[in-house]
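# Coordinate analysis (summary)
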Amino acid sequence: MVNGEQKTSLMKFLFITMIGLPLVLLGAEYETPKTWFGDPDLQGTWTNASLTTLERPDEYKSLIVNERDALIAKRMTKEFVDAQDNYLEPGETPKAGADVGGYNTAWMDFGTELFKINGDYRSSIITYPEDGKLPRRWIGWGKEAIAIARMFRQADHPELRSLGERCIVGFGSSGGPPMLNVLYNNNYQIVQSPGYVMIMVEMNHDARIIRLNSEFNPDNMRRWLGDSIGFWEGNTLVVKTKNHHPQQKFRAAIRHQILISEGAEITEKFTRVGKNEILYQFEVNDDEAYKDVWKGEMPLRASQEKIYEYACHEGNYAMANILAGARAEEEQ
Amino acid sequence: MRNIFSYVVFLILFSFSYTIYGHHAFTAEFDANAPINITGKVVKVEWINPHAWVHVEVLKESKATIWMVEGGTPNTLIRNGLTKNSIKPGTVINVRGYQSKGKLCLPRCIANGRDITFPDGSKVFMGSSGTGAPRDGSDPKER
């Protein structure tokens, strides 16, 4: 038998659990932890590995991908991996004249799923333009084509080869800005100290050192990964980068190909939206290479894994082999 | 006309990007007309970046030749629990791939390893076999 007082308490309990608690949870904002010197704490090891690429594949018509299509993408990737790794019958020798390929997929770490933002799967990192494609200024890209062709064909000495092969910076735009995912080593370690934020990029062991509340260096100073300064906008780290290195203009990986002109201005935002996630957003203003500004966003997810050293120079037998290969071709 | 120009430029750029498989273009280093299918004993494993190298001793008509076989960055495999000790010296493996363009074999012959197989048919470094499936950190069970 329930008396009136018990009935009222039961109603209160039901209201809180069924209506009140979900409302509280929905409205709850993540309380960003602070460093010992009071800045919002972004420190840790993070990964942006994902099947979602910079540009939207033609198969997708919108930024948001439904659950069914996201599952298809996951399944197709597994089938691709199997085909990539098992393209020969047992005992069969690879065919002469075929693509020499690379190494099989175990050496890679490109993710298994499209990433999610606010619970929705995304078809592209690019959020603007709305078609998810780079607004390329084709004349500018055409001018670069010849230089790019030279870079991959000339092998008279190491300095003619690409920056990745020379162990100068990682290939593609893994080190950024903007920092984009590639086939492996998609890990970043953020370390903060008063006045500085350092982002260590596992690919090629590149380190971005962002000076807080500072001025840009003189325009004639062109550093690898550009000149980055930053400031806090509430709990969001805003990073502005300009004076990009001219040799880092063309950034190519199998998952993205972008141009970043010397005069480009790039703004990045890092907002910790949960214990295990940073929302990474960027905007690229580059009139020389693009007809319009382009914007993108992706999550950086916490990783419990270590970042391992990428001591590129010490083990770079490939450079000698590439040059030897060019000499062998010349003799033929 | 402009569309054709754009298409041609894109094809040029994309074709180059395909060769940029990882740290470097394998097509610049290896000869598509020199496929290999070799079996021998592992004598040394270099677990280094930017690429791991497995050294294999191949016997042909009683003559031993050392082949250096190029793999990818070991970082991914280390994260998945594999180390250089996972392939111990003395282990017999089969390697299929392509020889380098430079074929002097001094001091060693060089090849890339599209795959590496043990005598019992099991393969090492196969993403699809569960020994190194790519992870993206989105699954909390992976952590």
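## Thoughts on the overall build of chain A
A count of helices and strands for chain A gives 4 helices and 15 strands. With respect to the principal axes defined by its C-alpha atoms, chain A has extents near 100 × 60 × 40 Å. Relative to its full complement of 332 residues, chain A shows a buried share of 52%. Of the contacts made within chain A by residues no fewer than 6 positions apart, 64% connect residues no fewer than 24 positions apart. Accessible surface computed for chain A: about 16200 Å², of which carbon and sulfur atoms make up 54%.

## Some points on the packing of aromatic side chains
All names here are of chain A. Applying the stated criterion across every chain yields a total of 9 aromatic pairs over all chains. Between the aromatic rings of Tyr 280 and Phe 282, the centroid separation amounts to 5.9 Å while the plane-to-plane angle is 40°, which identifies the pairing as tilted. Of the residues examined, Tyr 280 reaches a relative accessible area of 0% and is grouped as buried. Owing to a relative accessible area of 3%, Phe 282 belongs among the buried residues under this scheme. Within the aromatic cluster, the residues linked to one another by ring pairs are Trp 138, Trp 141, Phe 270, Tyr 280, Phe 282, Tyr 290 and Trp 294. Over the face of the ring belonging to Trp 141 we find Arg 136, whose NZ or CZ atom lies 4.8 Å from the ring centre. Lys 295 extends its terminal NZ or CZ atom over the ring of Tyr 128, reaching a point 5.7 Å from the ring centre.

## Some points on the interface of chain B and chain A
Each partner contributes residues to the interface: chain B has 67 residues there, and chain A has 80 residues. When chain B packs against chain A, close to 6700 Å² is buried across both sides, 59% of that on carbon and sulfur atoms. Counting every contact that joins chain B to chain A gives 1 salt bridge. Our count for the contact surface shared by chain B and chain A stands at 14 residue pairs in polar contact (both at pLDDT 80 or more). Per-element accounting of the side of chain B that touches chain A gives the leading share, 9 residues, to helix H1 (residues 2–19) of chain B. Its residues placed into classes, the side of chain B that touches chain A shows 30 nonpolar, 24 polar and 13 charged.

## Overview of the environment of Ala 73 of chain A
Residues and elements named next belong to chain A. You can see Ala 73 is positioned in helix H2 (residues 67–85). Between the C-alpha atoms of Ala 73 and Pro 246, which are 173 residues apart in sequence, the distance is 37 Å. Among residues more than four places away in sequence, those in contact with Ala 73 are Leu 51, Tyr 60 and Leu 114.

## Section: helix H3 (residues 138–153) of chain A
Given 3.6 residues per turn, any residue in an α-helix points the same way as the ones three and four places further on. All names here are of chain A. End to end, H3 covers 22 Å across 16 residues, agreeing with the expected 22 Å (1.5 Å per residue, within 8%). Remark: the principal bend of H3, roughly 30°, maps to Ala 145. All of the buried residues along H3 are Trp 138, Gly 140, Trp 141, Gly 142, Glu 144, Ala 145, Ile 148 and Phe 152.

## Points about the environment of Glu 277 of chain A
Residue and element names in this part refer to chain A. Mapped onto the fold, Glu 277 is located in strand E14 (residues 277–285). The class of Glu 277 is partly exposed, set by a relative accessible area of 25%. The sequence separation of Glu 277 and Trp 46 amounts to 231 residues, and the corresponding C-alpha distance is 8.1 Å.

## Some remarks on the state of the cysteines
Among covalent bonds in proteins, the disulfide is the one between the sulfur atoms of two cysteines. Residues and elements named next belong to chain A. Under the counting rule described, the total for this entry stands at 2 disulfides over all chains. In this model, Cys 167 is linked to Cys 312 through a disulfide, with the two sulfur atoms separated by 2.0 Å. The S-S bond linking Cys 167 to Cys 312 shows a torsion near -65°; that makes this disulfide left-handed. On the criterion of sequence distance, the pair formed by Cys 167 in the loop between H3 and strand E6 (187–193) and Cys 312 in the loop between strand E15 (294–302) and helix H4 (317–331) is long-range, its members being 145 residues apart. Overall, Cys 312 belongs to the buried group, its relative accessible area being 4%.

## Notes on the pairing of strand E2 (residues 53–60) of chain B
Residues and elements named next belong to chain B. As judged from the 5 bridges shared by strand E1 (residues 30–46) and E2, these two strands associate in the antiparallel manner. Opposite Glu 46, over in E2, you have Trp 53 as the bridge partner. Connecting E1 to the antiparallel partner E2 that follows it, the hairpin turn spans 6 residues. In this structure, E2 lies alongside strand E3 (residues 63–70), joined through 8 bridges in antiparallel fashion. Following the sheet pairing, Val 54 is matched in E3 by Val 69. Linking E2 back to E3 in an antiparallel pair, the connection comprises 2 residues, with Glu 61 at a positive phi of about 50°.

## Details of the confidence of the model for chain B
Residues and elements named next belong to chain B. Considering every residue of chain B, the mean pLDDT works out to 73; 69% of them sit at 70 or more. Across residues 1–21, where pLDDT falls below 50, the model places 36 contacts with residues more than four positions away in sequence or in other chains. Taken as a whole, residues 127–143 scores under 50 in pLDDT and shows 49 contacts with residues more than four places along the chain or in a different chain. Reported for the predicted complex are a pTM of 0.85 and an ipTM of 0.77.

About the thresholds
The written sequence of each chain sets the order in which its residues are numbered from 1. Working convention: letters from A go to chains and numbers from 1 go to ligands, in the order in which they are written. Reporting of local features is limited, given that this is a predicted model, to residues whose pLDDT is at least 70; pairs of side-chain atoms are given and counted only at 80 or more, and all residues count toward the totals for whole chains, interfaces and linings. Just so you know, side-chain values use all the structure's heavy atoms and leave hydrogens and water out. Secondary structure elements follow DSSP: runs of H or I of four or more residues count as helices, runs of E of two or more count as strands, with numbering from the N terminus. Burial classes: relative accessible area under 20% of the type maximum marks a residue as buried, over 50% as exposed, and values in between as partly exposed (1.4 Å probe, protein chains only). Two residues qualify as a contact provided that any one of their heavy atoms is within 4.5 Å of a heavy atom in the partner residue. The accessible surface values rely on the Shrake-Rupley method and a 1.4 Å probe; as for residues, cover is taken only from the protein chains in view. The criterion for an aromatic pair is that two Phe, Tyr or Trp rings (for Trp, the six-membered ring) have centres within 6.5 Å, with stacked assigned to planes under 30 degrees apart, edge-to-face to planes over 60 apart and tilted to the rest. Sitting over a ring, as applied to charges here, requires NZ of Lys or CZ of Arg to be within 6 Å of the ring centre and within 35 degrees of the ring normal. We define buried area as the total accessible area lost by two parts upon association, computed with a 1.4 Å probe and summed across both. Salt bridges are counted wherever a side-chain nitrogen of Lys or Arg sits within 4 Å of a carboxyl oxygen of Asp or Glu. Two N or O atoms form a polar contact when they lie within 3.5 Å of each other; inside protein one atom must be a possible hydrogen donor and the other a possible acceptor, and for residues adjacent in sequence the pair counts only when both atoms belong to side chains. Under the scheme applied here, ten amino acids are nonpolar (Ala, Val, Leu, Ile, Met, Phe, Trp, Tyr, Cys and Pro), four are charged (Asp, Glu, Lys and Arg), and all others, including Gly, are polar. Each residue after the first adds 1.5 Å to the expected span of a helix. One axis is fitted to the seven residues ending at the residue and one to the seven starting there. The bend at that residue is the angle between these axes. Here, a disulfide means two cysteine sulfur atoms that sit within 2.5 Å of each other. Here, any two strands with at least 2 DSSP bridges between them count as paired. pLDDT measures how confident the predictor is about each residue, on a scale from 0 to 100.

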